[in-house]
Amino acid sequence: MNMMTKIRSIAEASRSACWAVVAAVGLIAAAPATAQTVTIGTTAQGSLGAALGAALAKVMDGRGMTLRAVPMGGPEVTIPLLNSGEIQFSLVSADVASLAASGRTVFAGNPQPNIRLVGHLVSFEAGWIVRAESDIKTMGDLKGKRVSWGITQQRILEYWGRAQLATADLGEDDIVPVHATAAPAAIQDFMAGRSDAVVFTVGSGLVSQADAAVGGVRFLPLPDRDDRLDIITSIVPGTLIRQVTPNKRRPGIATETPIMGSTLVLLANANTPAETVAAVTEALYTARDEFIAIHPAFNRMDLKTLAGDVPDLPTHEGAASYYQANGITGG
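Residues numbered from 1 in each chain as written. Predicted model: local features only at pLDDT ≥ 70, side-chain atom pairs only at ≥ 80, totals over all residues. Heavy atoms only, no water.

## Remarks on the side chain of Ser 204
Phase 1: Tracing the backbone through its elements, the reader meets Ser 204 in the loop between strand E7 (198-201) and helix H7 (205-214).
Phase 2: What makes Ser 204 buried here is its relative accessible area of 1%.
Phase 3: Polar side-chain contacts of Ser 204 include one of 3.0 Å to the backbone oxygen of Thr 201.
Phase 4: Sequence-distant contacts of Ser 204, defined by excluding residues within four places in its chain, comprise Gly 46, Ser 47 and Leu 48. (Helix = DSSP H or I, 4+ residues; strand = E, 2+ residues; numbered from the N terminus. Buried < 20%, exposed > 50% of the residue type's maximum accessible area, 1.4 Å probe, protein only. Polar contact = N/O pair within 3.5 Å; in protein donor to acceptor, adjacent residues only side chain to side chain. Contact = heavy atoms within 4.5 Å.)

## A look at the pairing of strand E1 (residues 37-42)
Phase 1: Taken across its six residues, E1 has five buried, putting it largely inside the fold.
Phase 2: In this sheet, strand E2 (residues 66-71) lies alongside E1 in parallel orientation, the contact comprising six bridges. Residue Ile 40 lies in a different strand from E2, and its bridge partner there is Ala 69.
Phase 3: Assessed by its sense of winding, the connection that carries the chain from E1 through helix H2 (residues 48-61) to E2 is right-handed.
Phase 4: Note: E1 against strand E3 (residues 89-93), two bridges, orientation parallel. (Pairing = 2+ DSSP bridges. Right-handed = clockwise from strand over helix to strand, strands pointing away.)

## A word on the pattern of salt bridges
Between side chains of opposite charge, a pair can form as their charged atoms come close.
Phase 1: Counted according to the given criterion, the structure contains nine salt bridges.
Phase 2: Residues joined by salt bridges that share partners form a network here, namely Glu 158, Arg 162 and Glu 172. (Salt bridge = Lys/Arg side-chain N within 4 Å of Asp/Glu carboxyl O.)

## Focus: H7
Each turn of an α-helix holds 3.6 residues, which means side chains three or four residues apart point in the same direction.
Phase 1: What H7 keeps buried is the set Leu 206, Val 207, Ala 210 and Val 214. On an axial view of H7, the arc spanned by its buried residues comes to 100°, and they lie on one face.
Phase 2: Structurally, H7 contributes buried residues whose contacts are with strand E4 (115-131), helix H6 (183-191), E7 and strand E8 (217-219).
Phase 3: Looking at the residues trailing H7, positive phi occurs at Gly 215, about 80°. (Arc of directions from axis to C-beta.)

## Considerations on the environment of Met 260
Phase 1: Mapped onto the elements of the fold, Met 260 is located in strand E10 (residues 257-269).
Phase 2: Residues Met 260 and Trp 160 lie 100 residues apart in sequence; the distance between their C-alpha atoms is 8.0 Å.
Phase 3: Beyond its immediate sequence surroundings of up to four residues, Met 260 is in contact with Phe 124, Glu 125, Ala 126, Trp 160, Ala 163, Gln 164, Leu 222, Ile 232, Val 236, Thr 239 and Leu 240.

## Overview of the side chain of Gln 88
Phase 1: With respect to the helices, strands and loops of the structure, Gln 88 is situated in the loop between helix H3 (75-84) and E3.
Phase 2: Apart from the residues lying within four places of it in its own chain, the contact partners of Gln 88 are Thr 37, Val 38, Thr 39, Leu 82, Leu 267, Ala 268, Asn 269 and Thr 272.

## Comments concerning the environment of Leu 121
Phase 1: Relative to the elements of secondary structure, Leu 121 occurs in strand E4.
Phase 2: For Leu 121, a relative accessible area of 3% corresponds to the buried category.
Phase 3: For the pair formed by Leu 121 and Asn 299, sequence separation is 178 residues and the distance between their alpha carbons is 9.9 Å.
Phase 4: The contacts of Leu 121, once residues within four sequence positions are left out, are Leu 91, Thr 263, Leu 264, Val 265, Leu 266, Leu 284, Phe 298, Arg 300, Met 301 and Asp 302.

## Some points on the packing of helix H5 (residues 156-166) against helix H8 (residues 228-235)
Phase 1: It is at 8 Å that the axes of H5 and H8 come closest, and there the two elements cross at 150°. In terms of orientation, H5 lies roughly antiparallel with respect to H8. In terms of crossing hand, the pair formed by H5 and H8 is right-handed. Side by side, H5 and H8 meet where Tyr 159, Arg 162, Ala 163 and Ala 166 of the first sit next to Ile 231, Ile 232 and Ile 235 of the second.
Phase 2: In terms of residue class, the contact of H5 with H8 is made up of six nonpolar, no polar and one charged. (Axes fitted to C-alpha atoms, helices over the stretch in contact; angles between N-to-C directions. Parallel < 35°, antiparallel > 145°, perpendicular 65-115°, else oblique. Left-handed = near helix turned anticlockwise from the far one by under 90°. Nonpolar A, V, L, I, M, F, W, Y, C, P; charged D, E, K, R; others polar.)

## Notes on the confidence of the model for the protein chain
Phase 1: Taken residue by residue, the protein chain gives an average pLDDT of 89. The fraction at 70 or more is 89%.
Phase 2: Throughout residues 1-35 the model reports pLDDT below 50, and contacts reaching past four residues in sequence, or to other chains, amount to 34 contacts. (pLDDT = per-residue confidence, 0-100.)

In structure tokens form, the structure reads like this:
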């Protein structure tokens, strides 16, 4: 079975599993004409994307829109569902959105032409975590260690892992892969001692869970080398490096740490009604304080960059019209 056949098989299996769950909770039942249900697909429960999607749903419910946030897995699951119109919105990272629109890396030969940008939400970082007491201190120390790999419902995490390993001149042959179907399962493997390291998002609920379960975690810094940005962007275009500072909401960050990052963006299907997208866009622009009250990560939402571009990805007409009518630019 070639790689594209495998990817498509995984996507189809993931799609069937996700919609079995969605159907079970009634989210795809016919909604009343007076209150259409709009669905936003997010990453797995316990991830930052799932938390932000739930916050968006709560704000929109208060504005009269029945929006349901459904944790479905990684972008390899949610983006094809969005592209086909089976869900109306999705939250993914900007780099993945660009790769999906252009058909690169995990979407190689399988571009998603019906996805559209709504806006940039919050910045985030993701890196390799190890136990706090581990003798793994640097990225290079992962050589020969058991690490989470090939997460089938969120393969982009593998690419992020590859990119960071490459900054220490390591590749797949240098580690012992521990395969998992989804990010929560990979975290469970780490907590159970079946793996020594796992890639996940700084400040996410799953990392906090792991931190409590193993007596503390630690994010590995990217090596101090001049070409590290060139290395990570050659593997995952559109990413960057941020200096992450300690914060009680960011377990695993004890000192300022250079970690690979991107931005979570809200996407819509091209056929999601313009008025629906405009209403969501207006909420993002006018209700920042309300979002922050629900989840502190929205402190990182910069209204000056809300309307920013993503390479290869058109902006939805509903969002573009709202931005233009209100003189909002991408900064």
